[in-house]
Amino acid sequence: MTFLLRNILLPVLCSLLLATMVAAQETPSLRFDGQGLFKIVQFTDTHYIAGNETAKASVDLVAETLDAEKPQLVVFTGDIVVGGDIMKGWDEILSPVMERKTPWAVVFGNHDDEGGKTRQQIMDHITQKPFCCVSAGPKDVKGIGNYVLEVKDADGAARWILYCMDSNAYSTVEGVGGYGWFDFDQIRWYRDTSASYTQKNNGKPLPALAFFHIPLNEYSIISAKPENLIGVKNEDECPGAVNSGMFAAMLECGDVMGTFVGHDHVNDYIGVHHGIALAYGRFSGTKTTYAFEPHGARVIETASRTRAFKTWIRLKGGETIQPAEYPKSFQ
């Protein structure tokens, strides 16, 4: 019996356990539904603190929004867990998503690594969770979490791509203050990745969206004409201290139709600049930081084989506001 346990049953059990763990860590497949639609919910700036009673309202918001919208993907766009037990905080804020078996992605903000854990340590922790679509990205590219997600048709072909990028935190250049910006190697990575997908698609750029935390400098250009915005601007934008050219790269590559950010808690607008939609999510946090009430989330609905999307804000309590269609609403 001892021989049987040690040499036959134990190896089999270990193999099954390992297979289960690996399966839980595999990137979920993202696909358009039977109607050719794919829905994304963006949560941003929860500023979650484990054990903080006020912060728990963000977990309730995530659960309520998922039950109402039933998205195929959730994207957290930075400044998600900022204090307390950091890893416990991530487990708690992600719990409604994992319980509903909804695929999810994360990009980091400028505050995520200020609670005693590095970006890499957080990445190592969350990528072990089920239904995770997150990747640390290439080691030779600045930042932690530069990766692409493919949204496929029933035939298995990628029809849309989603860029998730680390917009970094603060300036690292001596004498230059303020927030960070996309490094040249990140822009090169984006260009190379975009060109590769375009080549595979017979020279035609695939429809794409991009998610990151800190807004591009071009956001302040479109907000100078508030009549062209859907949503509100309640504070000046806080982009990176240097415009390193990511918007220009997206414009030239021709795939990205919209960028979705957070960072500026009381802005939730969307507008278009040179054909690219520049959008904020809706603040999803609480009074653990400066707040926008009621808090909520941005919903984005894409359709296969089109270069268009719909978007709206869902507030806590169920009200939906600021519906927009790209490009129709901005023509």
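This section reports on the structure supplied with the text. (Residues numbered from 1 in each chain as written. Predicted model: local features only at pLDDT ≥ 70, side-chain atom pairs only at ≥ 80, totals over all residues. Heavy atoms only, no water.)

### Observations concerning the overall build of the protein chain
- The number of helices and strands found in the protein chain is seven helices and 15 strands.
- Over its C-alpha trace the protein chain gives a radius of gyration of 20 Å, about what one expects of a compact globule, namely 20 Å for 331 residues.
- Across the 331 residues that make up the protein chain, the buried fraction comes to 53%.
- Put simply, 71% of the contacts in the protein chain that link residues at least 6 apart link residues at least 24 apart.
- When the accessible surface of the protein chain is totalled, it reaches about 14,300 Å², and 54% of it is carbon and sulfur. (Helix = DSSP H or I, 4+ residues; strand = E, 2+ residues; numbered from the N terminus. Rg over C-alpha atoms; globule rule 2.2 N^0.38 Å. Buried < 20%, exposed > 50% of the residue type's maximum accessible area, 1.4 Å probe, protein only. Contact = heavy atoms within 4.5 Å. Areas by Shrake-Rupley, 256 points an atom, 1.4 Å probe, with all protein chains shown as cover.)

### Here we look at the sheet that holds strand β15 (residues 320–326)
- A sheet is described by the order of its strands in space; here six strands give the open sequence β6-β4-β2-β13-β14-β15, paired in mixed fashion. Because the sheet does not close on itself, it has two edges, and the strands there are β6 (104–107) and β15. Averaged over neighbouring strand pairs, the angle between their axes works out to 20° when direction is ignored.
- Across the sheet, helix α2 (residues 56–69) touches β2 (37–43), β4 (73–77), β13 (296–303) and β14 (309–315), and the angle it forms with β2 is around 165°. (Pairing = 2+ DSSP bridges. Axes fitted to C-alpha atoms, helices over the stretch in contact; angles between N-to-C directions.)

### Topic: the pairing of strand β8 (residues 158–164)
- Counting buried residues in β8 gives six out of seven residues, a clear majority hidden from the surface.
- Pairing of strand β7 (residues 147–152) with β8 involves six bridges; the strand directions are antiparallel. What sits directly across from L149, in β8, is L162.
- Joining the antiparallel neighbours β7 and β8 is a turn of five residues, in which G156 adopts a positive phi near 90°.
- Since β8 and strand β9 (residues 208–211) lie parallel, the crossover through helix α5 (residues 184–200) that links them has a hand, and here it is right-handed. (Right-handed = clockwise from strand over helix to strand, strands pointing away.)

### Quick look at the packing of α5 against helix α7 (residues 246–253)
- Put simply, α5 and α7 touch, their axes get as near as 10 Å, and they point 10° apart. Classified by the angle between their axes, α5 and α7 sit roughly parallel to one another. Only M246, A248, A249, M250, E252 and C253 of α7 make contact with α5, whose side of the interface consists of Q186, I187, Y190, R191 and S194.
- Of the residues in the contact of α5 with α7, the class split is seven nonpolar, two polar and two charged. (Parallel < 35°, antiparallel > 145°, perpendicular 65-115°, else oblique. Nonpolar A, V, L, I, M, F, W, Y, C, P; charged D, E, K, R; others polar.)

### Observations regarding the pattern of salt bridges
- In the structure shown here, the tally under the stated rule is 19 salt bridges.
- K233 is the partner of D236 in a salt bridge, and the nearest nitrogen-oxygen pair spans 3.8 Å.
- Here the residues in one salt-bridge network are D153, D155, R159 and R305, joined through shared partners. (Salt bridge = Lys/Arg side-chain N within 4 Å of Asp/Glu carboxyl O.)

### Focus: the sheet that holds β9
- Spatially, β1-β7-β8-β9-β10-β12-β11 is the arrangement adopted by the seven strands of the open sheet, whose pairing is mixed. The strands lining the two open edges of the sheet, one partner per strand, are β1 (30–31) and β11 (270–273).
- Note that β8 and β9 share four bridges and pair parallel. Its bridge partner lying in β9, Y163 is registered against A210.
- Strand contacts of α5: β7, β8 and β10 (256–261), with the helix running at about 175° to β8, the strand carrying the most contacts.
- Strands in contact with α7 are β9, β10, β11 and β12 (276–280); relative to β12, the strand with the most contacts, it is inclined by about 135°.

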